[in-house]
Amino acid sequence: ATRSGWGMRDTGGRVRQDTSVVPMKQATNKRPKAGKQVRAPSRRAMVTGQVQQRGPARIGGDGRYQVRVGNGGSRAATAVRVALKPPAHARITKIKHAKRWRCAAASCRWQGKLKPKKTIPPVTMLLRSKGRKASKAPFVAVASWQGKGSRRVTNRTVERSPWLAP
């Protein structure tokens, strides 16, 4: 029989207290919401390239492109290179660049380090098209670099502006 409403029970000469089962709160691994998350700054070079068409490009005529390279990382990048891949119907006829760029055929190399949070002077090139029909073939620039103690990293940039009919 239960005595005095406090959960005491008489079980054959022994008094025993009832223990009620109280559910425990489960530990949850809630992640912070996306707006509150802060990513720790990375300690590495992060080189990006940007290709821009400068003026209209015409099939059977010329097109001018400019490639800009910058380092948004927190460390310097070394051995910065840009491989230029024009559309199949066009070829590079002239490259204009700053003194520290070394260009040969469709590849350019920056002499020295690219400091963090800096952009280097652009490379401008003139392309001549041999095609006969309007084309949507892209111009591709692939930037590659090395950071302190890391392997070579690449970043591909595509300019999809169409070449206009003659």
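Parameters and conventions
- Residues numbered from 1 in each chain as written.
- Predicted model: local features only at pLDDT ≥ 70, side-chain atom pairs only at ≥ 80, totals over all residues.
- Heavy atoms only, no water.
- Helix = DSSP H or I, 4+ residues; strand = E, 2+ residues; numbered from the N terminus.
- Buried < 20%, exposed > 50% of the residue type's maximum accessible area, 1.4 Å probe, protein only.
- Contact = heavy atoms within 4.5 Å.
- Disulfide = S-S within 2.5 Å.
- Pairing = 2+ DSSP bridges.
- Axes fitted to C-alpha atoms, helices over the stretch in contact; angles between N-to-C directions.
- Polar contact = N/O pair within 3.5 Å; in protein donor to acceptor, adjacent residues only side chain to side chain.
- Phe/Tyr/Trp six-rings, centres within 6.5 Å; stacked < 30°, edge-to-face > 60°.
- Salt bridge = Lys/Arg side-chain N within 4 Å of Asp/Glu carboxyl O.

A separate point is the overall build of the chain. In terms of helices and strands, the chain carries zero helices and twelve strands. From first element to last, N terminus to C terminus, the chain shows the α and β order β-β-β-β-β-β-β-β-β-β-β-β. Here the chain, with 166 residues, has 29% of them falling under the buried criterion. The long-range fraction of contacts in the chain, counting pairs at least 24 apart against all pairs at least 6 apart in sequence, stands at 66%.

Take the state of the cysteines next. Counted by the stated rule, this structure contains one disulfide. Across a sulfur-sulfur distance of 2.2 Å, Cys103 and Cys108 are joined as a disulfide pair. Here the S-S torsion is close to 115°, and the disulfide linking Cys103 with Cys108 is therefore right-handed. Residue Cys103 is classed as partly exposed on the basis of its relative accessible area of 26%.

Another point: the sheet that holds strand β10 (residues 118–129). Taking strand neighbours across the sheet as the criterion, the four strands line up as β4-β5-β10-β7 in an open arrangement whose pairing is antiparallel. Whereas interior strands pair on both sides, the edge strands pair on one side only; in this sheet they are β4 (47–53) and β7 (90–96). With direction set aside, neighbouring strand axes in the sheet form an average angle of 30°.

This brings us to the environment of Val47. Tracing the backbone through its elements, the reader meets Val47 in strand β4. Its relative accessible area of 0% is what places Val47 among the buried residues. Expressed as a C-alpha distance, the spacing of Val47 and Val153, which sit 106 residues apart in the sequence, is 8.8 Å. Setting aside anything within four residues of it in sequence, one finds Val47 in contact with Val69, Gly70, Asn71, Ala77, Leu114, Trp145 and Asn155.

Positionally, Asn71 belongs in strand β5 (residues 62–71). A distance of 2.9 Å separates the side chain of Asn71 from the backbone nitrogen of Gly73, its partner in a polar contact. Residues contacting Asn71, with those up to four places away along its chain left out, are Ala45, Met46, Val47, Ala76, Ala77, Leu114, Lys115, Pro116, Lys117 and Lys118.

With that settled, consider the packing of aromatic side chains. All chains considered together, the criterion is met by three aromatic pairs. Aromatic side chains Tyr65 and Phe139 sit 4.6 Å apart centroid to centroid with 15° between the ring planes, which places their arrangement in the stacked category. On the criterion of sequence distance, the pair formed by Tyr65 in strand β5 and Phe139 in strand β11 (residues 139–146) is long-range, its members being 74 residues apart. Each member of the pair, Tyr65 together with Phe139, is buried. Relative to Trp163, the ring of Tyr65 lies with its centre 6.3 Å away and its plane at 35°, an arrangement referred to as tilted. Here the residue Tyr65 occupies a position in strand β5, and Trp163 occupies one in the segment after β12 (153–159), the gap between them amounting to 98 residues. With a relative accessible area of 0%, Tyr65 lands in the buried category. A network of ring pairs unites the aromatic residues Tyr65, Phe139 and Trp163 as a single cluster.

Moving on: the pattern of salt bridges. The full count for this structure, using the stated rule, is one salt bridge. We note a salt bridge from Asp62 to Arg128, for which the minimum N-O separation is 2.5 Å. With Asp62 in strand β5 and Arg128 in strand β10, this residue pair connects regions lying 66 residues apart in the sequence. Note on Asp62: relative accessible area 32%, which makes it partly exposed.

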